[in-house]
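# Structural description and commentary
Listed below are the residues making up each chain.
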Amino acid sequence: MDARAVGEAGLQGWRAKLADAVAAPVARRSGLSDEQVRAAIGALFLALSVLYVVNAVKQLAGAR
């Protein structure tokens, strides 16, 4: 699985709609392709989700 596939795996529901809406304008301004922008947005959401889970596990472990 390549980086684009991993990044786009984070795009579900409203996140996918957001990525669809901003990919073309950002791609025009940045020189990246639409796919690359969507992958970057997906990777950002995926990283935020992982951080959320890690922090929740830390809080759960600290509560014991």
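Look up a bit, the structure's there.
Structural notes, computed from the coordinates. (Residues numbered from 1 in each chain as written. Predicted model: local features only at pLDDT ≥ 70, side-chain atom pairs only at ≥ 80, totals over all residues. Heavy atoms only, no water.)

### Some words on the pattern of salt bridges
A side chain of one charge can pair with a side chain of the opposite charge if their charged atoms are brought near each other. For clarity, the threshold we go by: Salt bridge, as used here: a side-chain nitrogen of Lys or Arg that lies within 4 Å of a carboxyl oxygen of Asp or Glu. The numbering of helices and of strands both runs from the N terminus, where a helix is a DSSP run of H or I of at least 4 residues and a strand a run of E of at least 2. With a 1.4 Å probe rolled over the protein chains alone, any residue whose accessible area is under 20% of its type maximum counts as buried; one over 50% counts as exposed, and the rest are partly exposed.
Counted by the stated rule, this structure contains 1 salt bridge. Between Asp20 and Arg38 there is a salt bridge, and its shortest N-O distance comes to 2.2 Å. With Asp20 in helix H2 (residues 14-30) and Arg38 in helix H3 (residues 34-62), the pair connects residues that are 18 residues apart, well separated along the chain. Given the relative accessible area of 19%, Arg38 is considered buried.

### Some words on the environment of Gly10
Under the convention used in this document: In this description, contact between two residues means that some pair of their heavy atoms is separated by no more than 4.5 Å.
Position of Gly10 among the secondary structure elements: in the loop between helix H1 (3-9) and H2. On the basis of relative accessibility, which here comes to 13%, the residue Gly10 falls in the buried class. Between the C-alpha atom of Gly10 and that of Pro25, which follows or precedes it by 15 residues, the distance is 20 Å. Sequence-distant contacts of Gly10, that is, excluding residues within four places in its chain, are made with Arg15, Gly42 and Phe45.

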